[in-house]
Amino acid sequence: MFVLLSLVAACIVTAIEIIVISDDRSPRSVILTVIRNLLSMPLASIAVQKYIMRYEHFLTTEGYNAGNYIKFFFVSLVVSAALETLYSFVNRSYAFEKAEPSKKKKGVTALKIIAVILVFLGSAAYFGTVWGKVAFGDVTGDQLIINLTSPTEGTESSVYTDGFEGPVFNTLLVTVAFALLIFSHFSIVITKKNKTILSEFWKRTVCCVLSVACLVGGVVYGFQQFKLEQVYNAYIAKSDIIDKNFVNPETANITFPEKKRNLIHIYLESIEVSFLSKELGGNINRNLMPKLTKLAENGIVFSHNDNKFGGPVKGTGTQWSIASMVNQTSGLPMKAPGMHNGYGTEGNFLPGAYTLGELLEKEGYEQTVMFGASAQFGGLGYYYQTHGNWKVMDYDYVKEHNMLPSPDYKVWWGFEDDKLYEFAKDEITRMYKTGKPFNFTMEDADTHRPGGYITPGKKTPFKSHYANAIWNSDRDVYRFVKWIMKQPFYENTTVILIGDHISMDTEFFKEYKFTPDYDRRQFNLILNPDPSVAKVGKDITNNRKWANWDMFPTIVSSLGARIEGERLGIGTNLFSGAKTIYEENNVQKVNKELEKSSKLYNEKILGGKGFEGGRTRTKYKKPPVTEAGS
């Protein structure tokens, strides 16, 4: 609506200029005037709205009323009129000398076009980097490559809105302003003194130098902030750290107990230890997760320090949702794809990997994974379907099964956590009634950036919206786990609660004034593991250097299975006390080596060549539409 109002205001002022002010009404002059005004005036009006009036959005209308629109339309008229006054003033106060026709005219035009392109690219690199750091936090080169090459279906719409209102708009604003400057053929001469201030030649020269500086500055800034040297490492530098430490889970000697133990694995979106109070190892004054803290009194936490609460190292290829799920179910980092492979397409999501899903499928488990968003995002549906033939219950599934209030129902990334937990209860009950051991995995989403989601009517005791989202999510998880504990299957069920990665909501950490040297870690808690590992001491749980991929063998061990050698993938069973690859080596050195290209990973895991003794992977098949809960 704001864009439309700014265009209407620009059209009104343009019509007045052409009809009342302009002396030249030739078709060429009219067309150039319309193009100039409709490019510059709306952009200037929206810029005033964003940076002076401080309206948060201009693409979405939610939260605005008629008064906001009237006010903005009036401002757009004023801004457009001000620009028209400026154009008229310049035309009457200065003499403009057109560039003399010459054989170099085409070359000059081409040079100007190139300069505009350079400014566009440099601005896009700079504003895109600024937005990316605010929106996603400490995004690294490997994550950037994977995100750019993976499917984006199912992305929450506010991500696109923020992108258009941020880097896209700012890039267009700078580029259009630069284009108007460089393509205006004039030499600035003060009419009264007949003194040349800036000739056409020097104006063009300065603009070209600025365009190169803009490109170099934007690219260098992006390179530094996104650690794009990792792109070089991913494709050029070589390392054998994975090759030397990898244990193939498919051929490893793993012995399960005769009576299989159930598994409920809950990924807590963006939940980290720092949301706890300082005395508990967090970094704020008031504990935002009192319920999880209470649950932890009777659970096992693997910590990186002496405190009760701590978490894994921020390892290479671990710090976003899809990567975390891959880590914890395959024992591998998620590395940048090669030239002829990738992620998120049928049969092409780590085809050579052998995962927890496949291991438990072989042991006769009933398996379901549940998301409140679409599993098409990043190709997650392919990953789970081709690695264990899971039942995937995502936003698309519940829509097809008419489980939502209306056919077009969509909240947040799909549907809110309140519904997710109710669907989870029904599905877990169904799985239990099959008589098979079951493996249920889910990820909540109400604490996703930006700002999180709060169901209307819930309590909001904090000024920060995101703090309230965390606090409410803590209560939701607690109620769900307490329900699990009351069920007849709980005695024989292990529950894993773990943050999928540290939070990307950078505004929250600015608001709470986090100290830069605070070591942020994912929250983790294991409830009711098999009795064989339930009594481990602090020498096993505290002061550990571990990563998400160590959860794979640790989860297997929590089900009572014995693992010869205590390693699966590059992950180590934390219950065993055996050293992880981070405990055997320097953390920074391991992360740097994992950034580099691995022959085993590229050929066997990503390339799908597999290992000796392997078998053909299950082809992805979209689950048929059946009755709800089936």
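Above: the structure in question.
Residues numbered from 1 in each chain as written. Predicted model: local features only at pLDDT ≥ 70, side-chain atom pairs only at ≥ 80, totals over all residues. Heavy atoms only, no water.

Caption draft 1: Main features of the sheet that holds strand S6 (residues 299-300). Taken in spatial order, the seven strands of this open sheet run S6-S11-S10-S5-S9-S7-S8, and their pairing is mixed. Each edge of the open sheet is held by one strand with a lone partner, namely S6 and strand S8 (391-393). In this sheet, strand S9 (residues 438-443) lies alongside strand S7 (residues 366-371) in parallel orientation, the contact comprising six bridges. Directly across from Thr368, in S9, lies its bridge partner Phe440. Packing against the sheet, helix H11 (residues 321-330) makes contact with strand S5 (262-268), S7, S9 and strand S10 (493-499), and its axis sits at approximately 155 degrees to S5. (Pairing = 2+ DSSP bridges. Helix = DSSP H or I, 4+ residues; strand = E, 2+ residues; numbered from the N terminus. Contact = heavy atoms within 4.5 Å. Axes fitted to C-alpha atoms, helices over the stretch in contact; angles between N-to-C directions.)

Caption draft 2: Representation of the packing of aromatic side chains. Applying the stated criterion across every chain yields a total of 25 aromatic pairs. Taken together, a centroid distance of 4.7 Å and an interplanar angle of 80 degrees make the contact between Phe509 and Phe514 edge-to-face. Of the two residues, Phe509 and Phe514, neither departs from the other in class, the shared state being buried. Each ring, one from Trp549 and one from Tyr582, has its centre 5.9 Å from the other, and the planes form 25 degrees; the classification is stacked. Of this pair, Trp549 sits in the loop between helix H18 (538-541) and helix H19 (551-558) while Tyr582 sits in helix H20 (residues 581-584); the two residues are 33 residues apart in sequence, bridging distant segments of the chain. Residue Trp549 shares its accessibility class with Tyr582, and that shared class is buried. Linked through ring pairs, Phe275, Tyr466, Phe508, Phe509, Tyr512, Phe514 and Tyr518 together constitute an aromatic cluster. The residue whose ring lies beneath Lys291 is Tyr478, and the NZ or CZ to ring-centre distance is 5.0 Å. (Phe/Tyr/Trp six-rings, centres within 6.5 Å; stacked < 30°, edge-to-face > 60°. Buried < 20%, exposed > 50% of the residue type's maximum accessible area, 1.4 Å probe, protein only. Lys NZ or Arg CZ within 6 Å of the ring centre and 35° of its normal.)

Caption draft 3: View of unusual backbone geometry. Residue Pro450 is reached from Arg449 by a cis peptide bond, and omega for that bond is 0 degrees. With respect to the helices and strands, the residue Pro450 is situated in the loop between S9 and helix H16 (465-485). The backbone of Ser270 sits at a positive phi, close to 65 degrees, despite the residue not being glycine. Relative to the helices and strands, Ser270 is located in the loop between S5 and helix H10 (290-295). A positive phi angle, near 55 degrees, is found at Asn543, a position not held by glycine.

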